[in-house]
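# Per-entry structural report
These are the residues of each chain, in order.
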Protein chains: 2
Amino acid sequence: MNTMKIGVIGGGQLGRMLALAGTPLGMEFVFLDPAPDACAAALGTHICADYQDHEHLQQLAQQVDLITFEFENVPAETVAFLSQLVPVYPMAKALRVARDRLTEKSLFQDLGIPVAPFANIDSQDDLESAVDTIGLPAVLKTRTLGYDGKGQRILKTREDVAGTFDELGGVPCILETFVKFSGEVSVIAVRGRDGETVSYPLSHNVHTDGILRVARASDNHPLQNKAEDYVGRVLDHLEYVGVLAFEFFEVGDELYANEVAPRVHNSGHWTIEGAQCSQFENHLRAIAGLPLGSTAKVAESAMINFIGEVPPLAMLMEERDAHIHHYGKAFKSGRKVGHLTLLAESSEALGQRLAELQEKGIGTPS
Amino acid sequence: MNTMKIGVIGGGQLGRMLALAGTPLGMEFVFLDPAPDACAAALGTHICADYQDHEHLQQLAQQVDLITFEFENVPAETVAFLSQLVPVYPMAKALRVARDRLTEKSLFQDLGIPVAPFANIDSQDDLESAVDTIGLPAVLKTRTLGYDGKGQRILKTREDVAGTFDELGGVPCILETFVKFSGEVSVIAVRGRDGETVSYPLSHNVHTDGILRVARASDNHPLQNKAEDYVGRVLDHLEYVGVLAFEFFEVGDELYANEVAPRVHNSGHWTIEGAQCSQFENHLRAIAGLPLGSTAKVAESAMINFIGEVPPLAMLMEERDAHIHHYGKAFKSGRKVGHLTLLAESSEALGQRLAELQEKGIGTPS
């Protein structure tokens, strides 16, 4: 019956939404995730094991046609091991770059993509002297394993600098100039096995406390072409296959690279209802070697994250233009547990609806 | 985490699409189906058991908050048994009516809904004398268990009549006048627990050999109000909860009742992409006692069934406006194994695209 079996490392909401997109394509899913309550498990087979557990990794590889990832912090050794057994997309090189902020920023620099001044920090001494060079304010971030604002510290004055290296765990860090940006945008791009690349309209992203709150599809953004140029450089350099998200700071008419995520991305969730073919389906098409789908918008749209808890369904459903995405995860403060997509016929109407929902407290973090 | 567990009797493609719609609402699914390869099983727990197996029915009831059906031929005794244990929607009365063509046609008559002359047939003698009264051409159908053109015989001449009662198995039948219709339409309606009812735009349906091939959402159909009136009478009479499909024959400016299906329906599959809230999500909202979603179209749309096999994905994906639904079922001649939804900005554009796909052989039965 011409179906395909996909292995996914990680079984969170991104894996869940991949399976929701892939099941109608006849695909079947196997998730490897150490969490017994991994929320993607409802949509496929769940191998409950550590990411370094070779026996179970091998079991996964034997069951599937190819393997992908729903997060970038997969041990390099795991990727190498799996790649010997079955095709793995995106490939090891992309994960390596995205995992380490220093490698990542250096790549941007090498590819001629604007990036704020940064320095490698291996000690408090390194930090002190980098502050002398780069100046303040600046942001100190761990080179690996940071997400949702975790593993970083904003340094405004000299007093903030003392002892900070140890406070972040004494691990390798990177110091970045604090960019004075007018906005944050991301481009979700997808590259097929044959090198064909398509991009979605830029997403305007609003973060609070380092967590994405609202992502809104842009309407003929003047920097669209620039973003596509930059993301294309990265994709081609990495010979990338699948969806990649590239986050930028908007500074005047320039984009400064912030970071890339070698996977489907929270700022692209609006594509489920808002684009002809979602980022999830396009990621699966790309890694399966199938033709890519259209990234055109079908309406103006925005996504609101539910942090900590999902409001009562009965309340959300009173909003007739809202599409609900409940991840089936235990509610916990600061955790992404769902989102909502709003569709509207015009930018103005969408802006008004976003304001109305905000007034009702929908999307307010808990 | 405010989720709900739904039990579904039957685990075919309708159950599968219910789960695809309900999972993003945080719902979990348990399917009871005797087929070991039930295609909905990929999206929930599968209890592999007969519909009369009390032990497993009880096990199902204990695991879920409520139970629904993906087909109407559930034994009455099964429904009665389950109803003692957990809420069941739609309720026994609706299933009873839809299961038996005689009860069904009689109800239409009682409710003042136009229906072609019909007669109850319990023997070849009954058939002979009914043909005298009703005339030919006529259709002989088994009262129960018919679907996709199975269990029926078209009688054109007196020669077709001889022996036909036995050929259909000697079971209770109904003889219906053959209606000279100009088209077949269906209305998909949904009624909430509180009696609120909403309907989708009428669907134009094209059948070949008794199997639905193409369903196309209508554009301001002149008989929309009439259809909504008729389906409303049935829904209110049955105190129905959930989605119900009502199929009609178009005869001039009148609609003649054909049959109802007390469930989500093949002619409503276009609502997944073509309407704001799909028939699957609306069925779940209704049975869960939640506010109903908007049935408004988001574009002109049509659905093409894949009978026997799903064409290669790579070929389908070259059609940028096509949304693929592969049911993950074994391919078999005459079996519904998937469908495709086309969206277009205008009726004309949609008609052209349908013709183009037909020329390529997409949707041609095998």
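Residues numbered from 1 in each chain as written. Chains lettered and ligands numbered in written order. Predicted model: local features only at pLDDT ≥ 70, side-chain atom pairs only at ≥ 80, totals over all residues. Heavy atoms only, no water.

## Focus: the overall build of chain A
So the rule is basically this: Comment: elements are numbered from the N terminus, with helices defined as DSSP H or I runs of at least four residues and strands as E runs of at least two. As a reference, a globule follows 2.2 Å times the number of residues to the power 0.38, and the radius of gyration itself is taken over C-alpha atoms. Exposure categories follow from relative accessible area, calculated using a 1.4 Å probe and restricted to protein chains: below 20% of the type maximum is buried, above 50% is exposed, and the middle band is partly exposed. Residue contacts follow a heavy-atom distance rule, with two residues in contact if any of their heavy atoms lie within 4.5 Å. Using the Shrake-Rupley algorithm and a 1.4 Å probe, accessible areas are obtained, with residue cover drawn only from the displayed protein chains. Neither His nor the chain ends is counted toward charge; the positive residues are Lys and Arg and the negative residues Asp and Glu. Charge placement uses NZ in Lys and CZ in Arg. For Asp and Glu, CG and CD serve respectively.
Of regular secondary structure, chain A possesses 13 helices and 17 strands. Since a compact globule built from 366 residues should have a radius of gyration of about 21 Å, the 20 Å found for chain A is in line with a globular shape. Here chain A holds 366 residues, and 58% of them are scored as buried. A separation of at least 24 residues holds for 61% of the contacts in chain A among residues at least 6 apart in sequence. A total accessible area of about 14000 Å² is found for chain A, and carbon and sulfur atoms account for 48% of it. Charge centroids of chain A, computed over 30 positive and 49 negative side chains, lie 1 Å from each other.

## Observations concerning the pattern of salt bridges
This is how it is decided: Here, a salt bridge means any side-chain nitrogen of Lys or Arg that lies within 4 Å of a carboxyl oxygen of Asp or Glu.
Across all of its chains, the model carries 40 salt bridges over all chains by this definition. Linking E167 of chain A and R153 of chain A is a salt bridge whose minimum nitrogen-to-oxygen distance equals 2.6 Å. Note that E167 of chain A is positioned in helix α8 (residues 164–167) and R153 of chain A in strand β7 (residues 152–155), a separation of 14 residues in sequence. The shortest N-O distance in the salt bridge between E128 of chain B and R158 of chain B comes to 3.3 Å. With E128 of chain B in helix α6 (residues 124–134) and R158 of chain B in helix α7 (residues 158–161), this pair connects stretches of sequence that are 30 residues apart. Since its relative accessible area comes to 28%, E128 of chain B is described here as partly exposed. Bridged by salt links that share partners, the residues E319, D321, R353, E356 and K360 of chain A form one connected network.

## A short note on helix α3 (residues 76–83) of chain B
Each α-helix turn comprises 3.6 residues. Residues three or four places apart therefore point the same way. All names here are of chain B. Basically, it comes down to this: As used here, the arc is the angular range of directions from the helix axis to the C-beta atoms.
Listed as buried for α3 are T78, V79, F81 and L82. For α3, the angular spread of the buried residues around the axis is 165°, confining them to a single face. Where α3 is buried, its residues meet β1 (5–9), α2 (54–63), β4 (66–69) and α4 (92–99).

## A closer look at the relation of the copies chain B and chain A
Here the second copy of the chain follows from the first by a rotation about an axis and a shift along it. This is how the line gets drawn: Fitting of the copies onto one another was done by least squares over C-alpha atoms, counting residues only where both copies have pLDDT of at least 70.
For the match of chain B to chain A, the screw axis carries a shift of 0.0 Å, the RMSD comes to 0.0 Å, and the turn is 180°. Such values leave the two copies arranged in the relation of a two-fold axis. No C-alpha of chain B lies nearer the rotation axis than that of L43 of chain B, which sits 2.4 Å from it. When you check the interface residues of chain B against chain A, 100% turn up at the interface there too, and the contact is symmetric in its surfaces.

## Things to note about the state of the cysteines
Selection rule: For the purposes of this analysis, a disulfide is any pair of cysteine sulfur atoms at a distance within 2.5 Å.
Taken as a whole, this structure holds zero disulfides over all chains when the rule is applied. In this structure C39 of chain A is not part of a disulfide, and its nearest cysteine sulfur, from C48 of chain A, lies 13 Å away.

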